[in-house]
Amino acid sequence: MQTNGGEALIRSLELEGVEVIFGLPGGAILPVYDPIIDSPIRHILVRHEQGAGHMAEGYAHATGRPGVAMVTSGPAATNIVTPLCDAYMDSVPMVVITGQVPTAALGTDAFQECDTTGITQPVTKHNFLVTEAADIPRTIREAFHIATTGRPGPVLVDIPKDIVDPRNPRSALEWYWPESVDLPGYQPLGAGDPEAIRRAAELILEARQPVIYAGGGILKARAAEVLRELAELTDIPVVTTLMARGAFPDSHPLALGMPGMHGNYTAVTSMQESDLLIALGSRFDDRVTGKVPSFAPNAKIIHVDIDRAELGKVRRPDVGIAGDCRLVIEEMVRAIGELGGADAQPDRSAWRSTISGWQERYPLSYLPSEPGELLKPQFVLEQLRDLTPSDTIVASGVGQHQMWTSQYWQFDHPYTWINSGGLGTMGFSVPAAIGAKVGRPDRMVWAVDGDGCFQMTAQELVTAAAERIPVKVAVLNNAYLGMVRQWQEMFYEERYSEVYLSPDLPDYKMWAEAMGCVGIRVESPEEVAPAIEKANAINDKPVVIEFRTDSREKVFPMVPAGASNDEIMVEPHQEEA
Amino acid sequence: MVATTDGVPANDPTPGVQHHILSVLVENRPGVLTRIAGLFARRGYNIHSLAVAPTEDERFSRITMVVDVLSSPLPQMILQLDKLVNVIEITELAPSEAVERELLMVTVSATPDIRGQVIELVGVFDARILNVGHDALTISLEGHPSKLDDFEQLMRSYGILAVQRTGRVALPKLTHAESEDRRPLRSA
Ligand SMILES: Cc1ncc(C[n+]2csc(CCOP(=O)(O)OP(=O)(O)O)c2C)c(N)n1
Ligand SMILES: [Mg+2]
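Student: Is there a simple way to think about the overall build of chain B in this case?
Tutor: Within chain B, the regular secondary structure consists of 5 helices and 9 strands. Scored against the burial criterion, the 188 residues of chain B give a buried share of 45%. A separation threshold of at least 6 residues defines the contact pool for chain B, and within that pool the share at least 24 residues apart is 72%. As displayed, chain B offers around 9,700 Å² of accessible surface, 54% of which is attributable to carbon and sulfur atoms.

Student: Got a minute to help me understand the sheet that holds strand β19 (residues 518-522) of chain A in this structure?
Tutor: Adjacent strands of a sheet form backbone hydrogen bonds with each other and so pair up, either parallel or antiparallel. All names here are of chain A. Taken together, the 6 strands give an open sheet; going across it, the order is β16-β15-β17-β18-β20-β19, and neighbouring strands pair in parallel fashion. In this open sheet, the two edge strands, each paired with only one partner strand, are β16 (417-418) and β19. Across 2 bridges, strand β15 (residues 393-396) lies against β16 in parallel orientation. For A395, the partnering residue across the bridge sits in β16 and is I418.

Student: Please explain unusual backbone geometry as it appears in this structure.
Tutor: The phi torsion of most residues other than glycine is negative, and most of the peptide bonds are trans. Residues and elements named next belong to chain A. Across the junction of L505 and P506, the peptide omega takes the value 0 degrees, indicating a cis bond. Within the secondary structure, P506 sits in the loop between α20 (482-491) and α21 (508-514). In this chain, F556 is followed by P557 through a cis amide linkage whose omega measures -5 degrees. The phi dihedral of E493 falls on the positive side, at around 50 degrees, and the residue is not glycine. Within the secondary structure, E493 sits in the loop between α20 and α21. Under the relative-accessibility criterion, E493 is labelled exposed at 69%. Positive phi, close to 55 degrees, is recorded for E498, a residue that is not glycine. Mapped onto the fold, E498 is located in the loop between α20 and α21.

Student: Whenever I open this one, the confidence of the model for chain B confuses me. Can you help?
Tutor: Interpretation of this model should avoid reading the predicted coordinates in detail wherever pLDDT is low. Residue and element names in this part refer to chain B. Mean pLDDT for chain B: 84, with 84% of residues reaching 70 or above. When pLDDT is averaged over each element of chain B, strand β7 (residues 136-143) comes out on top at 97 and helix α5 (residues 176-186) at the bottom at 45. Of the regions scoring below 50 in pLDDT, residues 1-16 engages in 36 contacts with residues more than four places distant in sequence or in other chains. Low pLDDT, under 50, characterises residues 179-188; the predicted model gives this stretch 12 contacts beyond four residues in sequence or across chains. Predicted as a complex, the structure gets a pTM of 0.94 and an ipTM equal to 0.91.

Student: Please explain the nonpolar core as it appears in this structure.
Tutor: The nonpolar side chains of a soluble globular protein tend to be buried, and buried together. Residue and element names in this part refer to chain A. Grouped together as the largest cluster of nonpolar side chains are 49 residues, with contacts concentrated most on F22, I418, F454, L461, V471, V473 and V544. Both domains that furnish three or more residues to this core are identified here as domain 1 (2-174) and domain 3 (377-556). If we skip the residues at most four places from it in the chain, V544 touches F454, L461, V473, V475, A512, C517, V518, G519 and I520. Among the nonpolar cores identified, the runner-up in size contains 40 residues, and L219, V238, V319 and M332 belong to it.

Student: Where do I start with a nonpolar patch on the surface in this structure?
Tutor: All names here are of chain B. Residues L33, I47, L50 and V52 make up a contiguous nonpolar surface patch of roughly 280 Å² in combined accessible area. The element best represented in the nonpolar patch is strand β2 (residues 46-54), accounting for 3 residues. Of note, L33 is situated in helix α1 (residues 32-43). By relative accessible area, which is 41% here, L33 ends up partly exposed.

Student: Help me out: how do you make sense of the coordination of the magnesium ion (ligand 2) in this one?
Tutor: Six octahedral donors at a metal ideally form angles of 90 or 180 degrees, and four tetrahedral donors ideally form angles of 109.5 degrees. All names here are of chain A. Within the protein, D451 (OD), N478 (OD1) and Y480 (O) serve as the donor atoms for the magnesium ion (ligand 2), at 2.0 to 2.1 Å. The sequence motif formed by the donor residues of the magnesium ion (ligand 2) is D-x26-N-x1-Y. Accessibility assignment for this pair places N478 and Y480 in one class, buried.

Student: Even after reading the chapter, I still don't get the site of ligand 1, so can you show me in this structure?
Tutor: Residues and elements named next belong to chain A. The environment of ligand 1 is made up of 16 residues, and the closest members are Q400, H401, D451, C453 and G482. For ligand 1, an oxygen atom lies 2.8 Å from a polar atom in the backbone of Q400. M426 is positioned such that a nitrogen or oxygen atom in its backbone is 3.4 Å from a nitrogen atom of ligand 1. Look at ligand 1: alone it shows 590 Å² of surface, and the protein chains cover 76% of it. Secondary structure elements with two or more residues in the shell around ligand 1: α16 (400-408), α18 (451-457) and α20.

Student: Please clarify how the pairing of strand β13 (residues 300-305) of chain A should be interpreted in this entry.
Tutor: Two faces belong to every sheet, and in a regular strand the side chains alternate between them. Residues and elements named next belong to chain A. β13 sits mainly inside the fold: 5 of its 6 residues count as buried. Here strand β12 (residues 276-280) pairs with β13 via 5 bridges, running parallel. Within β13, the residue paired with I278 across the bridge is I302. As paired strands, β13 and strand β14 (residues 319-322) are joined by 4 bridges and run parallel to one another. Paired with H303 across the strands is G320, a residue of β14.

Student: I keep staring at the pattern of salt bridges and nothing clicks. Help me out?
Tutor: Close approach of charged atoms allows side chains of opposite charge to pair. Counted according to the given criterion, the structure contains 42 salt bridges over all chains. E546 of chain A is paired through a salt bridge with R521 of chain A; the nearest N and O atoms lie 2.6 Å apart. Residue E546 of chain A is found in strand β20 (residues 543-548), and its partner R521 of chain A is found in strand β19; the two are separated by 25 residues along the sequence. The network of salt bridges with common partners includes R151, D307, E310 and K313 of chain A together with K83 of chain B.

Student: Help me understand the domain arrangement of chain B, please; the structure alone is not making it clear to me.
Tutor: Interfaces are frequently sized by the accessible area removed from exposure as the parts join. Residues and elements named next belong to chain B. Segmenting chain B into domains produces domain 1 (19-98) and domain 2 (99-169). Here the C-alpha centre of domain 2 lies 29 Å away from the C-alpha centre of domain 1. Contact residues are listed per partner, giving 9 residues for domain 1 and 6 residues for domain 2. Together, the buried faces of domain 1 and domain 2 total about 560 Å²; carbon and sulfur atoms form 59% of this surface.

Student: Hey, could you run me through the environment of A296 of chain A in this one?
Tutor: All names here are of chain A. Along the chain, A296 falls in the loop between α12 (286-289) and β13. In the structure, A296 is positioned 204 residues away from V92 in sequence and 29 Å away in space, judged by C-alpha atoms. In this structure, A296 is in contact with M271, Q272, L277 and R315, ignoring residues within four places of it in sequence.

Student: Just to check I follow, could you spell out the domain arrangement of chain A for this structure?
Tutor: All names here are of chain A. Assigned domains within chain A: domain 1 (2-174), domain 2 (194-361) and domain 3 (377-556). Inter-centroid distance (C-alpha atoms) of domain 1 to domain 3 is 30 Å. Facing 24 residues of domain 1, the contacting portion of domain 3 comprises 28 residues. Interface area for domain 1 against domain 3, summed over the two sides, is near 2,000 Å², with a carbon-plus-sulfur share of 64%.

Student: Got a minute to help me understand the interface of chain A and chain B in this structure?
Tutor: Chain A puts 27 residues into the contact, and the matching count from chain B is 25 residues. In total, about 2,100 Å² of surface goes out of reach between chain A and chain B, with carbon and sulfur atoms giving 46% of it. There are 2 salt bridges connecting chain A and chain B. As a salt-bridge pair, D82 of chain B and R308 of chain A come within 3.1 Å of each other at their nearest N and O atoms. Summed over the shared surface of chain A and chain B, the number is 4 residue pairs in polar contact (both at pLDDT 80 or more). Residue assignment for the side of chain A that touches chain B shows that the elements contributing at least two residues are β6 (126-129), α7 (136-148), α8 (194-206) and β14 of chain A. Here the side of chain A that touches chain B gets 3 residues from one element, more than from any other, and that element is β14 of chain A. In the side of chain A that touches chain B, the residues fall into 12 nonpolar, 6 polar and 9 charged.

Analysis parameters
- Residues numbered from 1 in each chain as written.
- Chains lettered and ligands numbered in written order.
- Predicted model: local features only at pLDDT ≥ 70, side-chain atom pairs only at ≥ 80, totals over all residues.
- Heavy atoms only, no water.
- Helix = DSSP H or I, 4+ residues; strand = E, 2+ residues; numbered from the N terminus.
- Buried < 20%, exposed > 50% of the residue type's maximum accessible area, 1.4 Å probe, protein only.
- Contact = heavy atoms within 4.5 Å.
- Areas by Shrake-Rupley, 256 points an atom, 1.4 Å probe, with all protein chains shown as cover.
- Pairing = 2+ DSSP bridges.
- pLDDT = per-residue confidence, 0-100.
- Core = buried A, V, L, I, M, F, W, Y, C linked by side-chain atoms within 4.5 Å.
- Domains from an automatic or database assignment.
- Patch = residues over 30% accessible without salt bridge, like charges linked within 9 Å, V, L, I, M, F, W, Y side chains within 5 Å.
- Salt bridge = Lys/Arg side-chain N within 4 Å of Asp/Glu carboxyl O.
- Donors = N, O, S within 2.8 Å, 3.2 Å for Na, K, Ca; no water.
- Near = heavy atom within 4 Å.
- Polar contact = N/O pair within 3.5 Å; in protein donor to acceptor, adjacent residues only side chain to side chain.
- Buried area = accessible area lost by both parts, 1.4 Å probe.
- Nonpolar A, V, L, I, M, F, W, Y, C, P; charged D, E, K, R; others polar.

Put into structure tokens, the structure is as follows:
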């Protein structure tokens, strides 16, 4: 069948099972936007290309399927670099299609030409510049294969205009769909080495103070169930990193919550004191380890990761297993069973009681607001958590509000927490929540945002209103770039430099209404629950609740940047008298 | 693909040696060299020298690079390199297991009174005179990099006007058993 590049591109996306594209057209991608009209694929018209990228990420986080964004050349391509980098850092499967100037104009500084593959090379798992129409189906097939297998990540496909424009003879091709991909240099890993798995099982059965250090890889590998099986079989407590919140239920007796710079005392300290860390799909990020030489100094390390380059990158493992987390943990459970199972383990009751001692002594804590004071952000989050269904998807921005959400939410289901962990991208939450809601229309989706973050990407609520995507946004308005303010307060002698934003400029309620959302302002504790309930009941348009929160509140516990995890600072009122 | 034990890269097999040779088989596509150079630059790995050429199979090229393993641990370099989709195979060649060659061209000052000495050295080193000028000679020498180092050193005393070296290329030394093993690698 004779076809053209534009039609072939859309057809290829359909065959990859794409149900939605987040995008915005322009000159170079114009010919591809014509066949979209006749395609069953839904297109969501964003207001800024960064929004398209984060929506694709939010969609991928929530569904496990690759998110797809399509934008034009030049400034549109540069606008989507941030989401690409974000997806690269957090291993999010995503395919971005960018228009490009016609092949004959490549390299001539043509209008809206930019070296998109050059710019995006360091922030994509792989990218392609397609120069022949006949390469389009194969390239799309390869792009999805690379984005979704192994360690997932973003893939960009740059497509010059002439090969998709039906009026140009260079766009002609004979339609085909490749049966398989042929990438000699790309072999994603599967099962791990059985010998190494057996040695890991032996270490687990010998350990007296073990901790499972679960990372985002658990979610990517869809390994939450088998993780639970491993933890329950061995009775080993589990910390879930910022990227792994929801991978193990917070309500489980073995759950220790989040470790790291703003992790809770028990999660941080149990890792420090452990004699065996079972790192599953985690990468010893500096926000988790603190100062590396003093991180968990007495722990042996089992490290499972699908990316071999992660094994030994930061800390040399005693047993490193390269492979898919789900397959490896399944085998680990089997190997432990063969070695005698739980009965073959030493008595760990001392370790358990040490841990529960820490939990009792240092729970997450804040002082409630006095009458007349602004809201405590933690109080708002507790209310929001308690008044929404337990499978609510929550997306957050970056800053104090992000840390409080991760700390105070109770994540009992995988794929309910969506945030920008590796890149720390302010402005992530609104578009990511929209993408998540598109992927999971059956779920309630809340974005928890900071006032600073909200001002970076709020315009996507226009997209949400226009497309009837009823996300809900809680803006924790502390009138500051709060996280930066916190560092200036603690480490720069309270010299506040360029962190004040103002509580009422902009007027968030009016702004929300102007964007076609319901806008609500909440200033006192009694108003919190009714406002949330009102928002929960609205299902035909987006809702924004602005909570006026106390700017003096700081995130605790905290391990200062570059310090050892032993130097963890707890909430001042919890400190020893 | 890279050989590792348990997925954990083995320690540097030849401690004390700073430079290692990586022979990297890549897809012969535009931009592959940029990907490799970009990866090295952004992760702070140093490349000492680099040579690229097509292989006997036109779909592939072979990049021979000498890397500075003091800038970063060799296993990390190899594993990060291996993640590039266009990189097909990486072979680490310890200097003792490789046949190495390099080409040097040098234009050396050689006034008639000392020309005889220079020509004598050309003979000793099995080098070749490519070009003869009034008071200079252009010489080429192919051989093991250390031999080139020695020759360059000697030429220095006469006054080097220009020198250009290609950087080393290398292939694994053959043993009878291995020569069979290596074959499928090329026709992958
Ligand atoms: C795009 C971007 N710019 C700057 C930063 C640095 N930064 C991290 S948190 C933060 C403050 C965020 O302010 P806000 O959204 O109000 O959240 P809060 O900390 O007050 O909860 C800033 C500026 C960043 N992470 N991302
Ligand atoms: Mg703020």
